[in-house]
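Below are the chains, spelled out letter by letter.
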Amino acid sequence: MQGPPIWQRLLAALAYVLPWSDALGFGRSLFGLFPPLQWLSLPALPLLLLQQAVPFGGFVIFLVLFLAVVRNGRVPYLIRFNVLQAILIDILLILLTLAFSVLLAPLAGGFAVRTLSNTVFLGALLLVLFGVVQSLRGQEADIPSLSEAVRMQLY
């Protein structure tokens, strides 16, 4: 049995640049300790520049992806699944960013906050890598609870 064509796999994998762009902020202290890790930010640079250049760029990208890709039945399922999963991971990262800036602001720069931030960064890295690898294999990246929510939205 042959899987989806390569162009579908590549577009599905490309969706994970969205959450990766928001995860980079959590890796600042790791980038300081291990400068070669900064190379990991290269895939997200075009998206980061677009978000900065366009007012409410992140929200515009979210709307375009959600309305033009996820809700479009003509887009292949693999792409829709991965784009929605990437959007949900991104929403989770945005909520964590807000929690860090509001709840943990008094402890800013402390060891505990840096450790939590590094943990979020490494967790996001693993999720993104898993999503990209599974997309390139032409399979769904099955993340417990998250993938179930994605499937419920797509059916």
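Residues numbered from 1 in each chain as written. Predicted model: local features only at pLDDT ≥ 70, side-chain atom pairs only at ≥ 80, totals over all residues. Heavy atoms only, no water.

Peer 1: Would you mind showing me how to read the nonpolar core here?
Peer 2: Soluble, globular proteins show a tendency: their nonpolar side chains are buried together. If you look at the biggest cluster of nonpolar residues, it comprises 36 residues, and the most contacted ones within it are W20, V83, L93 and F121. Looking at this core, the elements that each hand over two or more residues are α2 (17–23), α3 (28–33), α5 (57–70), α6 (77–103), α7 (111–136) and α8 (146–154). With nine residues, α6 is the largest single contributor of residues to this core. With residues near it in sequence (within four places) discarded, L93 still touches P19, D22, A23, F26, V120 and A124. (Core = buried A, V, L, I, M, F, W, Y, C linked by side-chain atoms within 4.5 Å. Buried < 20%, exposed > 50% of the residue type's maximum accessible area, 1.4 Å probe, protein only. Helix = DSSP H or I, 4+ residues; strand = E, 2+ residues; numbered from the N terminus. Contact = heavy atoms within 4.5 Å.)

Peer 1: Explanation requested: the pattern of salt bridges in the structure shown.
Peer 2: Between side chains of opposite charge, a pair can form as their charged atoms come close. In total, this model carries two salt bridges according to the counting rule given. Residue R151 pairs with D142 through a salt bridge whose shortest N-O separation is 3.2 Å. When its relative accessible area of 22% is taken as the criterion, R151 is described as partly exposed. Residues joined by salt bridges that share partners form a network here, namely E140, D142 and R151. (Salt bridge = Lys/Arg side-chain N within 4 Å of Asp/Glu carboxyl O.)

Peer 1: How do you make sense of the packing of α6 against α8 when you look at a structure like this?
Peer 2: The relative placement of two packed helices is expressed as an angle between their axes plus a distance between the axes. Look at α6 against α8: their axes get within 9 Å of each other, and the N-to-C directions meet at 125°. Between α6 and α8, the crossing angle belongs to the class labelled oblique. In this structure, the crossing between α6 and α8 has a hand that is right-handed. For the pair α6 and α8, contact is made by Y77, R80, F81, L84, Q85, L88 and I89 and by L146, S147, A149, V150, R151, Q153 and L154, respectively. (Axes fitted to C-alpha atoms, helices over the stretch in contact; angles between N-to-C directions. Parallel < 35°, antiparallel > 145°, perpendicular 65-115°, else oblique. Left-handed = near helix turned anticlockwise from the far one by under 90°.)

Peer 1: Looking at this structure, how should I read the layout of surface pockets?
Peer 2: Over the atoms rolls a probe the size of a water molecule, and its path tells where empty space is left. Here the largest pocket is characterised by a volume of approximately 440 Å³. For the largest pocket, the lining is made up of 19 residues, of which G25, F26, R28, T97 and F100 are closest to its centre. If you list the elements that add at least two residues to the lining of the largest pocket, you get α2, α3, α6 and α7. Broken down by element, the lining of the largest pocket gets its largest block of residues, five residues, from α6. By residue class, the composition of the lining of the largest pocket is eight nonpolar, eight polar and three charged. In this model, the second largest pocket occupies a volume close to 250 Å³. Broken down by secondary-structure element, the contributors of at least two residues to the lining of the second largest pocket are α1 (6–14), α2, α5 and α6. Ranked by residues supplied to the lining of the second largest pocket, first place goes to α5 with four residues. Residue composition of the lining of the second largest pocket, grouped by class: 12 nonpolar, no polar and no charged. (1 Å grid on protein atoms, 1.4 Å probe; cavity = no way out; pocket = protein on both sides within 12 Å on 5 of 7 lines; lining within 4 Å. Points joined across faces, edges and corners; volume = space filled by probe spheres on them. Nonpolar A, V, L, I, M, F, W, Y, C, P; charged D, E, K, R; others polar.)

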